[in-house]
Amino acid sequence: MSPPPWGKRDGFVVHEAEPFNGEPRPADLAGRALTPDDAFYARNHGPVPDGDPETWRLEVAGLAERPLALSLADLRSGFPPHQVVATLQCAGNRRAGLIALRPIPDQAPWGSGAISTASWDGVRLADVLAAAAPLPGARHVGFEGPDVAPEAVPPQPYGASIGLAKARAPEVLLAWGMNGRPLPRAHGGPLRVVVPGYVGARSVKWLRRVTLLPEPSDNYFQAVAYRLRPATADHEAANDGPPLERVGVTSDILSPATGDTVAAGRVEVSGYAFAGGRDVAAVGVSVDDGVTWRHADIAEADGPWAWRLWTATVDLVPGRATIIARAVDAQGQVQPAEAGPLWNPKGYANTCWPRVSVTVT
Ligand SMILES: Nc1nc2c(c(=O)[nH]1)N[C@H]1C(S)=C(S)[C@@H](COP(=O)(O)O)O[C@H]1N2
Ligand SMILES: [Mo]
C-alpha cells in the first residue's frame, strides 16, 4: 500500500484521495494537546490549489471605506502578530454514528477523528478589518478560496461567512503558521482564516478574498450546505434549518478503542472534551451504562479555544465492557445520551455520548 498523500502518517484513514479527505486514528490524537501536522485531519471539497506565496494577494473589499490588497509581507509588517491555540472540528465528525442509524447518501462516514488542535500564528482579522474601515451597513464577513468544489450547485469556489461581531473577536486569525511552521498547503497555506469555536467549515483555506457584507454569504457552503436540517427534511431541500455556527459540547474516548482487548482490573481511559470556547466543567466516565459515573481528571487548558484532554481510571471485570463518557460545559449543557434524536439529513453535529466496547480478559 502506498503511504497516504500530503505527508500524512501511516494509518491515517483516507476517506477520499481526490478531493483529499482523511482523519487520524484515535490513538494518533490521544494524549497530545497539539495534533502533529502529519495527523491533523484534512477536509477538502475541491482540489488543493497550487499558488505561489510570493504573488499571492488577499483582497479585502465590499462595504469598506478603504479596500485593501495585501501580500503576505504586508500582513506580517502591517499588523501585530498573534498566536491562538484552537481546535478545529468538522461538522461531520462522528457522522458514522448517525449513518449506523439510517443511511446518509454521498457523505463520508467520518469516525471520531475529524477534530484536531494546533497553535495558529497570524494576525487578527479584527485588525485587518479596522484598516479597511467597514461602512455602517456591514454586518457579516465573507471568505472565499480559489478551490472550485464540483459538489457545489452551481460549481463555485469554496466560501463561508461569519457575523461581524465574531469577525472582530480577538481569537479570529488570518493564519500563516501552524504548530510553529509555515501553514502546510493541505491546510490552507499560505493563508487561511481560523474561526475558533465555530464548525471547521467557516475556517476558509487558501483565503483570497474577505468581503464586508450586509447579509450572510450566498456561497453554496454557507447558504445551502452546513445547515442543521430537521430529520424530516429532504436531503436536497435548500435553506431550511439554521447554518451551523458554534459547536456544541462534546467529548470522545480515544483510548482504549472499540475492539481492543484489555486486562481486567484498573484500566486507564483517555480522551478529549471540547465546548467551543465555553469551559469544560466536568467529564464523567461510566462502565454501567450511565447508572454511575466517575469524574475524569481534566488537563490544564491551552487557552479557551482548545480541547481539554482527560483521563479516568475504571475497574473492569472479565467479559465484555462498554465504556461511556459525557462532558458538561460551564453553561450546564450536557452531551445528549443517544444519537437517534440528533440524526439529520447531512449527518452533522453528532455530539452524543461516545461508547467504546472492549473485551476484558
Ligand atoms: N477553501 C476551502 N476551505 C475550507 C474547506 C474547503 O474545502 N475549501 N473545507 C472546510 C471544512 S468543511 C473544514 S472542516 C476545514 C478543515 O480544515 P483542515 O483540512 O485544515 O483540517 O476547512 C474548511 N475550509
Ligand atoms: Mo467540515
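Described in the following lines is the structure provided in the data block.

Calculation rules
Residue numbers run consecutively from 1 along every chain, following the written order of its sequence. Throughout, the order in which chains and ligands are written sets their labels, letters from A for the former and numbers from 1 for the latter. The model is predicted, so local features are restricted to residues of pLDDT at least 70 and side-chain atom pairs to those at 80 or more, both for listing and for counting; the totals for chains, interfaces and linings are taken over all residues. With hydrogens and water excluded, all non-hydrogen atoms of the structure serve as input to the side-chain values. The helix and strand labels rest on DSSP assignments: H or I over at least four residues marks a helix, E over at least two residues marks a strand, and numbering proceeds from the N terminus. Three exposure classes are used, based on accessible area relative to the maximum for each residue type with a 1.4 Å probe and protein chains only: buried under 20%, partly exposed in between, and exposed over 50%. Note on contacts: a residue pair is in contact if any heavy atoms of the two residues lie within 4.5 Å. Identification of polar contacts relies on pairs of N or O atoms within 3.5 Å, with a donor-acceptor requirement for protein atoms, meaning one able to donate a hydrogen and the other able to accept it, and with residues adjacent in sequence counted only if both atoms are side-chain atoms. Whether a set of points on the 1 Å grid over the protein atoms alone is a cavity depends on a 1.4 Å probe fitting there but being unable to get out, while an open set qualifies as a pocket with protein on both sides within 12 Å along at least five of seven lines; lining residues are those with an atom within 4 Å of a point. Grid points are joined across faces, edges and corners, and a volume is the space filled by probe spheres set on the points. Amino acid classes used here: Ala, Val, Leu, Ile, Met, Phe, Trp, Tyr, Cys and Pro are nonpolar; Asp, Glu, Lys and Arg are charged; the rest, including Gly, are polar. In this context, the arc is that of the directions from the helix axis out to the C-beta atoms. When DSSP finds two or more bridges between a pair of strands, those strands are recorded as paired. The cutoff for a nearby residue is simple: one of its non-hydrogen atoms must lie within 4 Å of the molecule or strand. Reported accessibility uses the Shrake-Rupley method at a 1.4 Å probe radius. Residues are deemed covered only where the shown protein chains occlude them. Think of it this way: if more than half of a molecule's atoms are within 2 Å of a pocket's grid points, that molecule is in the pocket or cavity.

Quick look at the environment of Arg294
Thinking step 1. Among the structural elements, Arg294 can be located in strand 17 (residues 294–295).
Thinking step 2. A relative accessible area of 38% means that Arg294 is categorised as partly exposed.
Thinking step 3. Sequence separation between Arg294 and Ala233 is 61 residues, and the spatial gap between their C-alpha atoms is 39 Å.
Thinking step 4. Excluding residues that lie within four positions of it along the chain, Arg294 makes contacts with Val283, Gly284, Val285, Thr313, Val314 and Asp315.
Thinking step 5. A polar atom in the side chain of Arg294 sits 2.7 Å from the backbone oxygen of Thr313.

What about empty space enclosed by the protein?
Thinking step 1. Applying the stated criterion to the full structure yields three cavities of 30 Å³ or more.
Thinking step 2. Forming the walls of the largest cavity are 19 residues, and the residues nearest its centre are Arg43, Arg192, Gly200, Ser203 and Lys205.
Thinking step 3. The residue inventory of the lining of the largest cavity, partitioned by class, reads 10 nonpolar, five polar and four charged.
Thinking step 4. Reported here for the second largest cavity is a volume of approximately 60 Å³.
Thinking step 5. As for the second largest cavity, its lining consists of Pro49, Asp50, Gly51, Asp52, Trp56, Pro146, Gly189, Pro190, Trp206 and Arg208.
Thinking step 6. Of the residues assigned to the lining of the second largest cavity, the class counts are five nonpolar, two polar and three charged.

A short note on helix 4 (residues 125–132)
Thinking step 1. Among the residues of helix 4, Leu125, Ala126, Val128, Leu129 and Ala132 are the ones counted as buried. Taken down its axis, helix 4 places every buried residue within 165° of arc, on the same side.
Thinking step 2. Positive backbone phi, at 55°, marks Ala133, one or two positions downstream of helix 4.

A look at the pairing of strand 3 (residues 58–62)
Thinking step 1. Taken together, the three bridges between strand 3 and strand 4 (residues 68–70) define a ladder with antiparallel strand orientation. Paired with Val60 across the two strands is Leu68, which belongs to strand 4.
Thinking step 2. The turn joining strand 3 and strand 4, which pair antiparallel and follow one another in sequence, is formed by five residues.

Describing the site of ligand 1
Thinking step 1. In the neighbourhood of ligand 1, 18 residues make up the surrounding shell, with Tyr41, Asp147, His187, Arg192 and Lys205 lying closest.
Thinking step 2. One of the backbone nitrogen or oxygen atoms of Arg43 is found 3.0 Å away from an oxygen atom of ligand 1.
Thinking step 3. Protein contacts shield 100% of the accessible area of ligand 1, which totals 540 Å² for the unbound molecule.
Thinking step 4. Judged by its atoms lying within 2 Å of the grid points, ligand 1 is housed in the largest cavity.
Thinking step 5. Residues belonging to the shell around ligand 1 are distributed by class as follows: nine nonpolar, five polar and four charged.

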